[in-house]
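Analysis of the macromolecular model
Chain by chain, the residues:
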Amino acid sequence: MSDTTHDGGIALSSPPSADAGLSPSQLAEKYGLTVSGARPGLFAYLRQLWGRRHFILAFSRAKLTAQYSQAKLGQLWQVATPLLNALVYFLIFGLILGTSKGMPQEVFIPFLVTGVFVFTFTQSSVMAGVRSIAGNLGLVRALHFPRASLPISFSLQQLQQLLYSMIVLVAVAVAFGSYPSLSWLLVVPALALQFFFNTGLALIMARMGSKTPDLAQLMPFVMRTWMYASGVMFSIPVQLADKPAWIADVLQYNPAAIYMDLVRFAMIDGYGSENLPQHVWMVGLVWSLLVGGAGFVYFWKAEERYGRG
């Protein structure tokens, strides 16, 4: 086709395109185009995470190795730090404040060490989760991968650190008369439930921390309050025997107290089922599934926004 211009020249024109009149979304659908960095479906996202499982494991190991690389004692601090915390709490709460009432020393000391180690697992996972996106923006912006890999990897790092600490916990339990038995196998499902709970909580905090960096400054106060309310240094039913029963129930059914009690029950001979709330395994499972599942979905919903702005 041709048209004559006002000066007598000939202007050529092409026939109307088949794409004329199509909206951008229609054009994308026609040519199979997708938005760069768009959030995949939930099950597709799970498949992507499974495909990155080797990266998640390697990243967690690298972070664990680098954590104490500048210290002369190196990886020994993985065990020494929670053990020193337990010693401080024993001196203050066990000896000075007498929170060991109702328990002999051979029960209270493993009780305290177990509480410190198990709660530190949750505390460290939460604190690492808060910074997992905001503290790794260079990696997030440079590479395309499911962002949940980061908080999951940090939770896995804390699990590996806890396993190192368990060597000391076993030694303490044996030193005070709690010898290995079949009940010790219950530690495995207890820590598995706690790991899924911690991971869900880390995912929640990762999304919140990605937009509110100041959250990392607030969380130590929140975690310290949670620790004092979870019976790390004392038996909740014994210390609150003269208070309304509902207060002890609320504190005993909080997830941190649940997972500590499960490990204590498994490893300490003098810590029997009478110290546990009713249906403790079911409660631990519910907390794990509820927080783990909700945390994963909550994080996934903001997948395309991480590292932008």
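Residues numbered from 1 in each chain as written. Predicted model: local features only at pLDDT ≥ 70, side-chain atom pairs only at ≥ 80, totals over all residues. Heavy atoms only, no water.

With respect to helix α7 (residues 149-175)
Over its 27 residues, α7 runs 39 Å from end to end, which matches the ideal 39 Å to within 8%, given 1.5 Å per residue. Taken across its 27 residues, α7 has 20 buried, putting it largely inside the fold. Downstream of α7 by a residue or two, Gly177 has a phi angle that is positive, lying close to 95°. (Helix = DSSP H or I, 4+ residues; strand = E, 2+ residues; numbered from the N terminus. Expected span 1.5 Å × (residues − 1). Buried < 20%, exposed > 50% of the residue type's maximum accessible area, 1.4 Å probe, protein only.)

Some details on the packing of helix α8 (residues 187-211) against helix α9 (residues 215-228)
Viewed as axis vectors pointing N to C, α8 and α9 meet at an angle of 145°, and their least axial separation amounts to 11 Å. In the packing of α8 onto α9, the handedness of the crossing is right-handed. On the side of α8, the interface is formed by Phe197, Leu201, Met205, Met208 and Gly209, while α9 contributes Leu215, Met219 and Trp226. Here the residues of the contact of α8 with α9 are counted per class, giving seven nonpolar, one polar and no charged. (Axes fitted to C-alpha atoms, helices over the stretch in contact; angles between N-to-C directions. Left-handed = near helix turned anticlockwise from the far one by under 90°. Contact = heavy atoms within 4.5 Å. Nonpolar A, V, L, I, M, F, W, Y, C, P; charged D, E, K, R; others polar.)

Considerations on the environment of Leu203
Relative to the helices and strands, Leu203 resides in helix α8. Look at Leu203 and you get buried, because its relative accessible area is 2%. Between the alpha carbons of Leu203 and Pro151 there is a distance of 5.8 Å; along the sequence they are 52 residues apart. Discounting chain neighbours no more than four positions away, the residues touching Leu203 are Ala148, Pro151, Ile152, Gly295, Phe296 and Phe299.

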